[in-house]
Structure formats: structure tokens, C-alpha cells
Amino acid sequence: MNQAVPADPFLQVVGIHKRFTGVHALRGVTLSFGRGQIYHLLGENGCGKSTLIKIISGAQPPDEGELIVEGTRHARLGALDALAAGIETVYQDLSLLPNLSVAENVALTGELAAHAGRLARTFDRRALARSAARALEAVGLPGDAAFQATLVEQLPLATRQLVAIARAIASEAKLVIMDEPTTSLTQKEVDNLIAVLTNLRAQGVTVLFVSHKLDECYAIGGEVIVLRDGQTVAQGPIGDFTKAQISELMTGRRLSNERYREGAPGDEIVLDARGLARAGQFADVSFTLAAGEILGITGLLDSGRNELARALAGVAPAQAGELRLDGRPVTIETPADATRHRIGYVPEDRLNEGLFLDKPIRDNVITAMIPALRTRFGRIDRARADRLARDIVRDLQIATPDVERPVQSLSGGNQQRVLIGRWLAIEPRVLILHGPTVGVDVGSKDIIYRIMQRLAKAGIAMILISDDLPELLQNCDRILLMKKGRIASSYRADQLHEADLYRALLSEAA
Amino acid sequence: MPPTVPSPPLEPAGRRVAPPVVNAVAPQVRSGGVRARLARHPEWFTVALIVAMCAIVGAINPRFFQFATLFDLLHSATTVSLFALGTLVVLASGGIDVSFTAIAALTMYTITKFVFAWWPDAPFALILVAGAAGGVLLGLVNGVLVHRLKAPSLIVTIGTLYLYRGFLLTFVGTTFFMNIPHSMDGFGRMPLFFYRTVDGLRAVLPVSVLALVIAAVLTWWLLNRTMMGRGVYAMGGSLAIAERLGYNLRAIHLFVFGYTGMLAGIAGILHVSNNRLANPFDLVGSELDVIAAVILGGARITGGTGTVVGTLLGVALVTLINNVLILVGVPSTWQKVIIGAFILVAGTLQTWQRRNA
């Protein structure tokens, strides 16, 4: 690029305050975003990250302070103002309209912003297709008519993400905010995304990342901004900080990188799986699980690990093979079977598969044990339910004033604990945790790991399915690596290095 | 200190971005597959049903294949088509409207009564415009309520359905007119085209069929060629996302319900002039028939989809069932059974395709 990039910052955020009923979410945040830079916004759940993004992208007005976009002061931005100013936000849901074509998703937003949101007008379809093609090619997607006409709902997730970025390019975005963009991507897709964004940055576009994955932040490079309790606690080149320092800045306390695993598995075999199979998903899966053992299972997205987890929980049952619980053969065809045999399952997608978000914490905790709470007349023993829920809230350190609050009022880490608490209520024999710390901040991770270790000590057999390698190494006794639906190898976690496991994981092509 | 002078624009429009060196993540776009294509164009299912039905009926009763039948079908489909086009727009926007029949009944009866009493010689064009305006007004009430209350449009329009109908029967009247204003009567009799059949009967294609054509073209144009139309589908895809992307939901809500109201008002006036009768008890009760036709035309009840062509095909299918089964001796009570069965099949196919697509 021989274009001189202006030295003044693209966006300045000055003294922003935001209060919600009872919560001072942002306390005087002042930041400056230069052009063609990459920023990482880090902080625990509830530190004000999402609020800050909403204010920058025009979804919410600040209570105090101002936004200066390219030298122009704004007390607040509307959604259209932000778009017109070149601020594009790619939320986790990507904000794509599934029922519209790729071309429409890419090009219509810019068209709308360019005409101040006026709807009573026709549009130039050829110009739209040209602009969509240019933007799609810029992110490495095909720009041809067939792809442009594809409906977004027919695309895989990683492609949708690129479509969302293409939309930002088509709208002449100067600042692209990405909210946890890599959560559901495979490593290869993440690498690809990083390549696309690095390219974008070379064109003078500023990228603001919000992520929980510190490793990725280091891989991408750029500046880091750490928020804690609604205030900026650090800002600077990411290379100036170690991972431990950043974690400490985020949480305000020192976190160890050491193994959490304290106990050792017992001798008694609780779960014995032999030759489990489900057509096209996994085959010939055999393993044993002892009381108090934590067994890790990992693999790439297509390895069958997710499908195995769902099979053990009865969501999509295995079609062949044998499962023994405490030496007795059991059949698990439905989630209700699993619950009856006291096998608990904490799904990966807690929002869609696990929690009743608008229902009180109490109701969420007791769902698995409603039969046991029934009184003689078939009603639910309210007092016992309350007591039980309160015990679990205290036990798992769920941050809430009372059990009547809806689950959606909790942060991600606390929601996850509610889900674990539901299974503790039935005193499980086996607990299957599927990605228990996805989208959870470091502080909450620490608490969840400690809870897991305590439960193992109490004799619960646990299966931890995850793609977070440090998590597996820190918590498990053994780790099974799955490839193409089969168990490829088994490791003892205490003698394994992360780099070795990572290499084994990626050697899938061989 | 923030700079007070706006910085020069970074670069003019049309920024060229060199393609990055990326791993091939280009998606495999599923092509071919009969099932995939059927999922994208569910109206082919309707076409198949129509063809099958015509073939069967024609084989049993060869008199089916003549222009007179087509004229009759078009005649009886006009009102339903206008309703269906409005319903299509509402469904595409992710809502549902069941009050359109009440809007049509209220406007047609009130305007007919008013014109007959005060200005029997009013020109038809003016009556039609009055019907459209009345429909827009009542539709806008729906739009404002849906937008303001943030309530499900089904609930709101069930409410207004009763409200409009109650208002009509309580304050305007309950007796029906056999005498309608001259201009309406004249319009109803006006042929666009006619010929004598072999039996010596006069087969007439009424001029009101033009309304169907105009409404279909206009709706197609609005939905596919204007930003408003794209906004309607955007809102039907996801209300929250459309708002975040800067679509003006208030404007879209008002447009959607106002437009549906307008088509309903016009349909009401045409209904009176076609039947030479203004009956306040007419129309209401046929909402589900209309919605069924639109669904058979491939629109999803969950919103965000649907085409004008599909909708017209859906109407054609329902009209066929209601009018020609009689020709081959199927008792009229069986019509409902057949429509119900078709809807079940179409609905099952739709979900089945979505799951497997």
C-alpha cells in the first residue's frame, strides 16, 4: 500500500459511563482506535465488554461520555449512524438473514446505510451483484452468480462467517468488530479467518476482536485492551504481556497453570463401553471408566467426539455395541433412560440444549429430579425444591441473590454451573461434560475445574469432551483421541505435553 | 485533544481489496438433487398437484377443457387472489394477518351503503379508491398495534378481526343490499372478453380479472425490486437481526399491514360488484382458506419466504378444488377433506425437506 494512512485515530471513546438498574457496567472507559490496527478486547464475563461493543456499534446509547468518529463528536450513535460511519459488528450469531441470498446479505446493508435507511426506493441489482462479487472474492469466497444466489441457511458455519466479513467489506467498513468469532470453528477455519483479517488490516481496516482464547490473540498479534469491572486496566502491544499477566489483569487474581487433577481413579469400573457404533458418525468405540476417574475425549470437529457424547447421553443413541453400568448391561435410547441410570449430560450448546433461559434458577436445577420431588398428590414439593436449589447455588458458588432469578440473568460461567448443579441433584454415577468452559471466562473456568475435581473425589465418574487441550491436560487422568469416528490413541494426561497432543490431533490428514 | 477538522476520506468508494491467500474453504454448494431444488422451489409441488388434478378431471369430463371453465375459475379466484397476495406479504414479513376479511367486509359494506344513500352516481374509480383508502386505514391500525405492542400479529389481528366485524354489525348495519350503485353494477357486468360456447352460452371474462393481474405484478415488483420488499423478507428472516442491520421495522410493519389492508379493501369492492350484492356477513370466515392457499403455494408459516408465483398457484389449486370437483361428481363436502390432506402433505414435505436439505 502506498496510500498514506492518516495518523489520527479512527475512533475515540471518551469517558463512557453506562448504568443498568443497579449495575454500573462501564465506569469512564476511554480508548483510542487507530487505523489498520488489530485490537483484542479481553475481560471476564460481566466486565462490560458486550456493553462497550453495543455502544460503539450503536445498539445502545451511553449515559455519559462521547464517541469521536474521524474527528466528529457524537453523544451517541444509532445503528444506522454507526454503519454509515463504517463501523460493522459481526456478532456471534453473525447477524445474517438465513432466508436471503448471499448477495443480498453481503450488499444490501451497505446499500441501506448509504441511503440513510430509506426503504421507498428501488435498487440497482447489477451494481449490487458487482459489489457483492468484489467483497466475496476479497475474503476468498467465489463471487460467481451461483454462489451469490445461494441461501445463507444452506451454508456451513465457517462460510457464513466469511460472508459476514464480506458484508463488512462491501459496506466499506473501517472498523470491524468481531465478537468471539472462533468459538465454533475448526483450527483450519480459524487459520483461514486470521489470514482474511490480516489481509483486511493491510488495507487500512481496523479489527477489534472479542475473544476468550488467549492463544489465538497471540497468534494474531496487535494490541490488547483488558477491561475489568467496567474500567480499562491495561492497554498495549500483546507481546508486552505474558499469558499469566493477562489472566491476572482480567481476574484480579493469580491463576495457576498447573494441573487441577488431585485425586486418583478408584478401582471399581463404573462404565464399560464395548464396540459402540452409529452409522456414519463413530464405530468400534470401547473404553472403561472407573469411579472417580476423569476421562478426556478430544478430536477434531468431524472426529465423532460430539456424536459419541450425544450417544452416551441418549440424545442420538448408539446403534450397535454394549454399555455396562456397574457391571450390568444397560440400554440408553433416550435422554430419560440416561437420567434414570443416573448419567448426567451437560451439553456443549447450553443455551439451546440445556437451559430454560427465562425460567428461575430453581426450576432449572430441579428438572432432572422432578419424579423424586413429587408429593403423594403428584404436586412438587416446593419447599424441598427451594432448599435443594439453594444448597446447590451455595455449593457451586453461583453468583445470584436468590434462586428465583431467571437463568438468563446469569453470566455464562454461572449458567454452566446451574447446568452442572442440575445433575448433582440426582447424585449421578456418571457425569458427561461436553465443552463445559466454551464461552466462559478464565475466572469461571477456574471455579468449574475445582468443582470437577471435588466431584471426582466424591466418586463420580466423569467424561470430559473438549477441544481445549490445556483444559484436558489439567483435569483428566486419561485422554482418548478420536479420529474419523474411531479412538485413535489413548494417553496418560500427567505425562503428556500440550505440543505433542496438538501434533497428534492435527496429524489427521496422514 | 480531539481534532476539530474532519480528516480527509481514507479512500474513495470502490476500495479494491486483493484476495488473500487462504486455504480453500469454499463451500460445497449443494447443487443438482431433485430434493434440494424442490426445497428451494416448493411451488413445483403445487404445479404437480394442479396438473394432476386437471388431467384427472379432464379425463372424466372433457368439457372441463374449454375457455369458459378458465373464465369461471379466474372470476372466482379474483377476490381470493387479492387476499392471498396480501397474506403473502404478511407471511413473508414473519407475521400473520387474519383480519383482512373483516377489513374487506367493513369497507365494502360501509362504502356501498354510503354511496347508495348519498351519491348513487359516484364513478366506480372513486369507489375503488375509497375502498383502497379505507383498507389502508384499517390495515395501518393493525400495523401500529403490532409494532407498538410488540405483540404477536396473530393475537392482534384476531382482536381487530372481531373489532372490525363487531363495529360493522353494530353500527353500520346487518341487512344486505340487493341494489348496489349503478357504477358498481356496471363494472361487475363489464366483460374484458367474451365468446359464445358450443351450447350457445355467453362465456364472459370479467374486467375485474385485470385487478388480479395488476395486484400480482405490483406485489411482485414491491417484494423483489424495492428496498421495502427486501426489508419485508429481512424482517421475516429475523426481526432482531433486521433491526440491528438498520431496517426501519416501524416502516416495514406499517407497509405490510397497510398494503394488505389496501388489497383487502379493493377485494371487498370487487366482491360487491361481481356478486351484485353487499352482504355484511360475507367474506369473514374464509381467512383460513386464503392462508391455506398461500401455504400450499410454498410460503412458510414461520415467515421469510414465499413468492407471488407460488401464491397464485396455491390460489389456483384451492380454486380448482372448490370449483371443479363438482364437475366430476365429487360431493362438495369432500372439498375440505382434500384441501386438508393436501396441506398436511405439503406441510410434511416442507419440514422434511428442511431437515434433510
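Residues numbered from 1 in each chain as written. Chains lettered and ligands numbered in written order. Predicted model: local features only at pLDDT ≥ 70, side-chain atom pairs only at ≥ 80, totals over all residues.

### A closer look at unusual backbone geometry
Residues and elements named next belong to chain A.
Okay, so step 1: Phi is positive for Glu-70, close to 45°, though the residue is something other than glycine.
Okay, so step 2: If you trace the backbone, Glu-70 turns up in the loop between β4 (64–69) and β5 (72–74).
Okay, so step 3: The backbone phi angle of Lys-484 is positive, close to 50°, even though this residue is not glycine.
Okay, so step 4: For Lys-484, the location among the structural elements is in the loop between β19 (478–483) and β20 (486–492). (Helix = DSSP H or I, 4+ residues; strand = E, 2+ residues; numbered from the N terminus.)

### So, the domain arrangement of chain A
Residues and elements named next belong to chain A.
Okay, so step 1: Examined at the domain level, chain A breaks down into domain 1 (11–251), domain 2 (256–342 + 429–510) and domain 3 (350–427).
Okay, so step 2: Measuring from the centre of the C-alpha atoms in domain 1 to the corresponding centre in domain 2 gives 35 Å.
Okay, so step 3: With 11 residues of domain 1 at the interface, the matching set in domain 2 holds 10 residues.
Okay, so step 4: A per-element tally of the side of domain 1 that touches domain 2 places helix α9 (residues 243–251) first, with 4 residues.
Okay, so step 5: The residue inventory of the side of domain 1 that touches domain 2, partitioned by class, reads 2 nonpolar, 7 polar and 2 charged. (Domains from an automatic or database assignment. Contact = placed C-beta atoms within 7 Å. Nonpolar A, V, L, I, M, F, W, Y, C, P; charged D, E, K, R; others polar.)

### A closer look at the sheet that holds strand β18 (residues 461–465) of chain A
All names here are of chain A.
Okay, so step 1: Pairing within the open sheet is mixed, and its 6 strands lie in the order β16-β17-β18-β13-β19-β20. Looking at which strands have only one partner, the edges of the open sheet turn out to be β16 (343–346) and β20. Each adjacent strand pair in this sheet contributes to an overall mean axis angle of 20°, direction not counted.
Okay, so step 2: Alignment of strand β17 (residues 430–434) against β18, held across 5 bridges, turns out to be parallel. Looking at the pairing, Leu-431 lines up with Met-462 of β18.
Okay, so step 3: Set on the sheet, helix α10 (residues 305–312) makes contact with β13 (294–299), β16, β17, β18 and β19; between it and β13 the angle comes to about 140°. (Pairing = 2+ DSSP bridges. Axes fitted to C-alpha atoms, helices over the stretch in contact; angles between N-to-C directions.)

### Remarks on the sheet that holds strand β10 (residues 231–237) of chain A
All names here are of chain A.
Okay, so step 1: The strand order across the open sheet formed by 6 strands is β6-β7-β8-β3-β9-β10, and the pairing between neighbours is mixed. Bordering the open sheet on either side are β6 (87–90) and β10, each of which pairs with just one other strand. When strand polarity is set aside, the average angle formed by the axes of neighbouring strands in this sheet is 15°.
Okay, so step 2: Bridge count for strand β9 (residues 223–228) against β10 is 6 bridges, and the pairing is antiparallel. Following the sheet pairing, Leu-227 is matched in β10 by Thr-232.

### Some words on helix α2 (residues 43–60) of chain B
Residue and element names in this part refer to chain B.
Okay, so step 1: If you check α2, its first and last C-alpha atoms are 26 Å apart, about what 18 residues at 1.5 Å a residue would give, namely 26 Å.
Okay, so step 2: Among the residues making up α2, those that are buried are Glu-43, Phe-45, Thr-46, Leu-49 and Val-57. Projection of α2 onto a plane perpendicular to its axis shows the buried side chains occupying an angular sector of 150°, all on one side. When the buried face of α2 is taken as reference, the exposed residues oriented beyond 90 degrees from it are Ala-48, Val-51, Ala-52, Ala-55 and Ala-59. (Expected span 1.5 Å × (residues − 1). Buried ≥ 20, exposed ≤ 12 C-beta atoms within 10 Å, placed from the backbone. Arc of directions from axis to C-beta.)

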